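Inside the fold
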Amino acid sequence: MKTALFSVLVAILSLTSASPVPEDENQHISFAVTTERPSTTTVSLADSHKDLSSVCVTMTPAHNRSEAQTTPAPYVVSVSTTKVAPNGVVYVQVTGKENQQFRGFYVQARNENEEPVGEFMPTDAQYVSFHSCGAGQNNAASYVSRIPISDFSLGWFAPEQPTKIRFVVTFVETFSTFWIGVTSPQVTVENRH
């Protein structure tokens, strides 16, 4: 009882002094959002996150009022090649600089119109989910785990039409510490003669 009362008091004092409430590393990381803020008290987390339309556009995790970091991200997005034929495969790797770890990421390959294109390859890797944004299928992927990692790789099939894309990634270090819009080098999808 004293512990619970003390925790409430610390939270109230933190809020009134404009200090952040201490980070709870067991908070759920979620990239699937609805138009309303998800609630874990009345509906299960999975059920409250079936509509991905918001995250498809903003790539922002559903983490209450947490805001993206404005400092340079301690992460890198690299690609296996910068030129690929239509329907060809590119491997995208997300890595922490100096082994910086993350607990989640959300990735899309976006064309020059900022539309997600292509399709991520199926994987048997644990904690990976694929999402369909707009007219595409499996054109977004997310990784969420309570176990931090420092790198991860996914395969991606290029679209049928020639275009230029960049992989755009949101990295989540902790529930309230995340970076949006970390990009790879440009990849050109072009017909080879």
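Residues numbered from 1 in each chain as written. Predicted model: local features only at pLDDT ≥ 70, side-chain atom pairs only at ≥ 80, totals over all residues. Heavy atoms only, no water.

A short note on the side chain of Thr170
Selection criterion: Numbering goes from the N terminus for both helices and strands, where a helix is a DSSP run of H or I of at least four residues and a strand is a run of E of at least two. For this analysis, a polar contact is any N or O atom pair within 3.5 Å, provided that within protein one partner can donate a hydrogen and the other can accept it, and provided that sequence-adjacent residues contribute only side-chain to side-chain pairs.
Within the element layout of this structure, Thr170 appears in strand S9 (residues 163-174). Only 2.6 Å separates the side chain of Thr170 from the backbone oxygen of Met59, close enough to count as a polar contact.

Focus: unusual backbone geometry
Of note in this structure, Met59 is not a glycine but carries a positive phi near 60 degrees. As for its placement among the helices and strands, Met59 is situated in the loop between helix H2 (53-58) and strand S1 (75-79). Here the phi dihedral of Asn99 falls at roughly 60 degrees; this positive angle occurs in a residue that is not glycine. Within the fold, Asn99 resides in the loop between strand S3 (89-96) and strand S4 (102-111).

Digging into the environment of Phe105
Going by this rule: Classification of residues uses two cut-offs on accessible area relative to the type maximum, computed with a 1.4 Å probe and protein chains only: under 20% is buried, over 50% is exposed, and between them is partly exposed.
Of note, Phe105 is situated in strand S4. Phe105 gets classed as buried once you look at its relative accessible area, which sits at 2%. Sequence-wise, Phe105 and Phe152 are 47 residues apart; in three dimensions their C-alpha atoms are separated by 9.6 Å.

Overview of the confidence of the model for the chain
Cut-off, in case you're wondering: Residue-level confidence of the predictor is what pLDDT reports, using numbers from 0 through 100. Note on contacts: a residue pair is in contact if any heavy atoms of the two residues lie within 4.5 Å.
For the chain, per-residue confidence averages 79 on the pLDDT scale, and 72% of positions sit at 70 or higher. Across residues 1-23, confidence stays below pLDDT 50; counting only partners more than four residues off in sequence or on other chains, it has 9 contacts. Here residues 33-52 is a poorly scored stretch, pLDDT under 50, and it has 24 contacts once near neighbours within four places are set aside; other chains count.

Some details on the state of the cysteines
We apply this condition: For the purposes of this analysis, a disulfide is any pair of cysteine sulfur atoms at a distance within 2.5 Å.
Applying the stated criterion across every chain, the model contains 1 disulfide. Each sulfur of the disulfide joining Cys56 and Cys133 lies 2.0 Å from the other. Disulfide Cys56-Cys133: torsion about the S-S bond near -75 degrees, hence left-handed. One end of the pair, Cys56, is in helix H2; the other, Cys133, is in the loop between strand S6 (128-131) and strand S7 (140-149), with 77 residues separating them in the sequence. Taking the relative accessible area as the measure of exposure, Cys133 reaches 2% and is therefore buried.

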